[in-house]
Amino acid sequence: MIEVSGLTKYYGDHAALEDLEFILKEGTVTGFLGPNGAGKSTALNMITGYLSPTSGSIRIGGHDLNEEPEEAKRLIGYLPEVPPVYPELTVRENLEFAAGLRKISGKEMKEEILRVSKELGLSEVEERLGRNLSKGFRQRVGFAMALIGDPKILVLDEPTAGLDPKQVIEIRDLIRKLKKDHTILLSSHILSEIAEVCDEILILSEGMKAAWGSLEELREKTGRESLEEIFLKLTAEEEHSEEAGEEEP
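Residues numbered from 1 in each chain as written. Predicted model: local features only at pLDDT ≥ 70, side-chain atom pairs only at ≥ 80, totals over all residues. Heavy atoms only, no water.

Our next topic: helix H4 (residues 106–120). Given 3.6 residues per helical turn, the α-helix brings residues three or four places apart onto the same face. Helix length check: H4, at 15 residues, gives a terminal C-alpha distance of 21 Å against a target of 21 Å (1.5 Å per residue), a fit within 8%. Buried within H4 are the following residues: Met109, Glu112, Ile113, Val116, Ser117 and Leu120. All buried residues of H4 lie within an arc of 125 degrees about the axis, which places them on one face of the element. Turned more than 90 degrees off the buried face of H4, the exposed positions are Lys107, Lys110, Leu114 and Lys118. Taken together, the buried residues of H4 touch helix H3 (91–101), helix H5 (135–147) and helix H6 (165–178). Two residues or fewer past H4, Gly121 is found with a positive phi of approximately 65 degrees. (Helix = DSSP H or I, 4+ residues; strand = E, 2+ residues; numbered from the N terminus. Expected span 1.5 Å × (residues − 1). Buried < 20%, exposed > 50% of the residue type's maximum accessible area, 1.4 Å probe, protein only. Arc of directions from axis to C-beta. Contact = heavy atoms within 4.5 Å.)

Structure, rendered in C-alpha cells:
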C-alpha cells in the first residue's frame, strides 16, 4: 500500500533522511522507531504529503504522491502527535471540518460522523467544545478525524502519548481492530507498544534505515531478545561507527 524508494531530504548540507526504502504490505501494522533526530518526523511529513523530498519517490496505493497528490492523500488518514482538535469548535464541528477537507458532505457526512463517533465512543461528548475535552477525549477526536472517509492507510504519530493506562489499552485494542481493514504505520517512543501491536518494525538511525523486519527477524539479526536491547544495539552501533570514523587520521 505504501512504497518508498530512495527517499532523501536535505536541509542545506545536512541530510535529515538518506535513501530510505521500504514497502508496507496491506493489512499490516508497521512500527516506526528511531532516536530523536533520526529522521522519523521528516519521513512521516513526506509520506503524508506535508513536506516534499529532495529526491526519491512515494507511492500510495499505486499513486505517485508527487504526480497524483489528491488521489494518494485520499487514501491516508493522519493522526499527528498533537491531535488537530480546534478548541473553539465542538466535537461534531471538528468532525464536520475533517469531513469537509475530504470533500464529504450531506448525508454521507452525517453517516461518517455517526460511524466514527460510535467507533471511538464520542457520542456523549459531541456538543462539548474542544477546549473542554480531556487529553483522552482529544486523542479520540483526533483519531476519529483521521478515520473520516475510511482511508485504507493510517499514519499514527505517538497515538497513546499522555494517556492513562486504561486509555492506552483501549487505543491499542482499536489499532488491532483497525488492522483488519487498514494498513497502519505507527510511530512511537514506547517500545513495548511497538512490540505488542506491530507485525514489522522499521528502525531509523542518523537519517538511514538501521533495520527492518519482524521482531523475530530482528532478534535473529542482532542476537538480542527484547526490542529495547535490539533498539539500543542497532542505534548504538550506528553512533559508534560514526564516532570511530571521526577519530581516524
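Moving on to the side chain of Glu112. Relative to the assigned elements, Glu112 resides in helix H4. When its relative accessible area of 11% is taken as the criterion, Glu112 is described as buried. One polar contact links the side chain of Glu112 to the main-chain amide nitrogen of Gly149, over a distance of 2.7 Å. (Polar contact = N/O pair within 3.5 Å; in protein donor to acceptor, adjacent residues only side chain to side chain.)

Right, let's talk about the pattern of salt bridges for a bit. Throughout the structure, instances matching the rule amount to 13 salt bridges. A salt bridge links Glu170 to Arg140, with the shortest nitrogen-to-oxygen separation between them at 3.0 Å. With Glu170 in helix H6 and Arg140 in helix H5, this pair connects stretches of sequence that are 30 residues apart. Note that Glu170 is salt-bridged to Lys166, the shortest N-O span being 2.6 Å. You can see Glu170 and its partner Lys166 sitting in helix H6, 4 residues apart, about one turn around the helix. We classify Glu170 as partly exposed; its relative accessible area is 29%. Among the charged side chains, a network of salt bridges with common partners joins Arg172, Asp173, Arg176, Glu193 and Glu196. (Salt bridge = Lys/Arg side-chain N within 4 Å of Asp/Glu carboxyl O.)

Glancing now at the environment of Lys209. If you trace the backbone, Lys209 turns up in strand E10 (residues 208–213). On the accessibility criterion, Lys209 (36% relative accessible area) is partly exposed. Look past the residues within four positions of Lys209 in its chain and what remains in contact with it is Leu20, Glu21, Leu202, Ile203 and Leu204. Of the polar contacts made by the side chain of Lys209, one reaches the backbone oxygen of Glu21; its length is 2.9 Å.

Below, the discussion takes up the packing of H3 against H5. Each pair of packed helices gets described by two things: the angle between the helix axes and the distance between those axes. Running from amino to carboxyl end, H3 crosses H5 at an angle of 30 degrees, the nearest separation of the two axes being 9 Å. With respect to each other, H3 and H5 are oriented roughly parallel. In this structure, H3 crosses over H5, and the sense of that crossing is right-handed. Contacts between H3 and H5 pair Val91, Asn94, Leu95 and Ala98 from the former with Val141, Ala144 and Met145 from the latter. Looking at the contact of H3 with H5 residue by residue, the class counts come to 6 nonpolar, 1 polar and no charged. (Axes fitted to C-alpha atoms, helices over the stretch in contact; angles between N-to-C directions. Parallel < 35°, antiparallel > 145°, perpendicular 65-115°, else oblique. Left-handed = near helix turned anticlockwise from the far one by under 90°. Nonpolar A, V, L, I, M, F, W, Y, C, P; charged D, E, K, R; others polar.)

Take the packing of H3 against H4 next. Between H3 and H4, the shortest axis-to-axis distance is 10 Å and the interhelical angle comes to 125 degrees. Considering the angle they form, H3 stands oblique to H4. As for the relative orientation of H3 and H4, their crossing is right-handed in sense. When H3 is examined against H4, the residues Arg92, Leu95, Glu96, Ala99 and Gly100 are found in contact with a partner set consisting of Met109, Ile113, Val116 and Ser117. When the residues that make up the contact of H3 with H4 are grouped by side-chain class, the tally is 5 nonpolar, 2 polar and 2 charged.

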